[in-house]
Amino acid sequence: QVQLVESGGGLVQAGGSLRLSCAASGRTFSSYGMGWFRQAPGKEREFVASISWTGGSTYYVSSVKGRFTISRDNAKNTVYLQMNSLKPEDTAVYYCAGDRLPRRRAVEARRETDFGSWGQGTQVTVSS
């Protein structure tokens, strides 16, 4: 079982940037894809982005394309979410998640059921 710990959330004005980090431990990080999800108040958790085990492929929900970038550093067992041009509607708790299966492309892991490990979440609040 993998342990995931997110950091980097906070309060930012609209148009600003934040970088979320997720540190992983407990299994071979470099063999598994990773993802980010978010849950806004009163809404269901939704997929944001995923990255393959090598970092060679990424996949984004349309609402964040061109603004968010997912990346990973396998030497540091860490996945990142760089968020630029933030909007109030990006306000949510952001969760890091680990793919259930090894060595999949990013597009193959974008549903909640594709991921078997979850972090505790980090709050991102964007003020208008």
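Described in the following lines is the structure provided in the data block. Bear in mind the structure is a predicted one, so any value in this text is a computation, not a measurement. (Residues numbered from 1 in each chain as written. Predicted model: local features only at pLDDT ≥ 70, side-chain atom pairs only at ≥ 80, totals over all residues. Heavy atoms only, no water.)

**A few points about the overall build of the chain**
Using the following cut-off: Numbered from the N terminus, helices here are DSSP runs of H or I no shorter than four residues, and strands are runs of E no shorter than two. In this description the radius of gyration comes from C-alpha coordinates, and the expected globular size is given by 2.2 Å times residues to the power 0.38. Relative accessible area decides the class of each residue, using a 1.4 Å probe on protein chains only: under 20% of the type maximum gives buried, over 50% gives exposed, and in between gives partly exposed. Contact definition: two residues touch when any of their heavy atoms are within 4.5 Å. Using the Shrake-Rupley algorithm and a 1.4 Å probe, accessible areas are obtained, with residue cover drawn only from the displayed protein chains. Here Asp and Glu are counted as negative and Lys and Arg as positive; His is not counted, and neither are the chain ends. In this description, the location of a charge corresponds to atom NZ of lysine, CZ of arginine, CG of aspartate or CD of glutamate.
Within the chain, the regular secondary structure consists of zero helices and eleven strands. Counting helices and strands in the order they occur from the N terminus, the chain gives β-β-β-β-β-β-β-β-β-β-β. Radius of gyration (C-alpha) of the chain: 13 Å, near the 14 Å computed for a compact globule of 128 residues. The principal-axis extents of the C-alpha atoms in the chain amount to approximately 40 × 25 × 25 Å. Residue burial in the chain is summarised as follows: out of 128 residues, 45% are buried. Within the chain, contacts between residues separated by at least 24 positions form 60% of all contacts whose residues are at least 6 apart in sequence. If you sum the accessible surface of the chain, you get close to 6,300 Å²; carbon and sulfur atoms cover 46% of it. Measuring between centres, the 16 positive side-chain charges of the chain sit 4 Å from its 10 negative side-chain charges.

**A few points about the packing of aromatic side chains**
The cut-off we apply is this: Aromatic contacts are taken between Phe, Tyr and Trp rings whose centres are within 6.5 Å, Trp giving its six-membered ring; a plane angle under 30 degrees counts as stacked, one over 60 as edge-to-face, and the others as tilted.
Applying the stated rule across the entire model yields five aromatic pairs. Seen from their ring centres, Phe-37 and Phe-115 are 5.3 Å apart, and the 80 degrees between their planes marks the pair as edge-to-face. With Phe-37 in strand β4 (residues 32-39) and Phe-115 in strand β10 (residues 115-118), this pair connects stretches of sequence that are 78 residues apart. The class of Phe-115 is buried, set by a relative accessible area of 2%.

**As for the nonpolar core**
Under the convention used in this document: The definition of a nonpolar core used throughout is a set of buried Ala, Val, Leu, Ile, Met, Phe, Trp, Tyr and Cys residues joined through side-chain atoms within 4.5 Å.
Counting residues in hydrophobic clusters, the biggest one holds 27 residues, and the most contacted among them are Trp-36, Val-79, Leu-81, Met-83 and Tyr-94. For this core, the elements supplying multiple residues, two or more each, are β3 (18-25), β4, β5 (46-51), β7 (68-73), β8 (78-83), β9 (92-102) and β11 (122-127). Per element, the largest residue contribution to this core is four residues, and it comes from β3. Apart from residues lying up to four places away in sequence, Val-79 is in contact with Leu-20, Ser-21, Cys-22, Phe-29, Met-34, Trp-36, Ile-51, Ile-70, Ser-71, Arg-72 and Cys-96. Judged by nonpolar contacts, the second largest core, of five residues, contains Phe-37, Phe-47, Ala-97 and Ala-109.

**Let's talk about the state of the cysteines**
Condition: Throughout, disulfides are identified as pairs of cysteine sulfur atoms within 2.5 Å of each other.
Tallied over the full model, the rule gives one disulfide. Put simply, Cys-22 and Cys-96 are joined by a disulfide, and their sulfur atoms are 2.1 Å apart. With the S-S bond torsion at -75 degrees, the cross-link from Cys-22 to Cys-96 turns out left-handed. In this pair, Cys-22 sits in strand β3 while Cys-96 sits in strand β9, placing the two residues 74 residues apart along the sequence. With respect to class, Cys-22 is no different from Cys-96; both count as buried.

**Focus on empty space enclosed by the protein**
Keep this limit in mind: Lining residues are those with an atom within 4 Å of a point, where the points come from a 1 Å grid over the protein atoms alone and group into cavities, where a 1.4 Å probe fits but cannot get out, or pockets, open sets with protein on both sides within 12 Å along at least five of seven lines. Grid points are joined across faces, edges and corners, and a volume is the space filled by probe spheres set on the points. Residue polarity follows a fixed list, in which Ala, Val, Leu, Ile, Met, Phe, Trp, Tyr, Cys and Pro are nonpolar, Asp, Glu, Lys and Arg are charged, and the others, Gly among them, are polar.
According to the stated counting rule, one finds one cavity of 30 Å³ or more in the structure shown. Lining the largest cavity, in full, are Gly-33, Met-34, Ser-50, Ile-51, Ser-52, Asp-99, Arg-104, Arg-105, Ala-106 and Ala-109. Broken down by secondary-structure element, the contributors of at least two residues to the lining of the largest cavity are β4 and β5. Of the residues assigned to the lining of the largest cavity, the class counts are four nonpolar, three polar and three charged.

**Looking at the pattern of salt bridges**
So the rule is basically this: Here, a salt bridge means any Lys or Arg side-chain nitrogen found within 4 Å of an Asp or Glu carboxyl oxygen.
Tallied over the full model, the rule gives eight salt bridges. Taking the shortest distance from any N to any O, the salt bridge between Glu-112 and Arg-45 comes out at 3.1 Å. Here Glu-112 is found in the loop between β9 and β10, whereas its partner Arg-45 is found in the loop between β4 and β5, with 67 residues between them in sequence. Notably, a salt bridge pairs Asp-114 with Arg-104, separated by 3.8 Å at the nearest N-O pair. Residue Asp-114 is found in the loop between β9 and β10, and its partner Arg-104 is found in the loop between β9 and β10; the two are separated by ten residues along the sequence. On the accessibility criterion, Arg-104 (15% relative accessible area) is buried. Members of the salt-bridge network, linked through shared partners, are Arg-38, Glu-46, Arg-67 and Asp-90.

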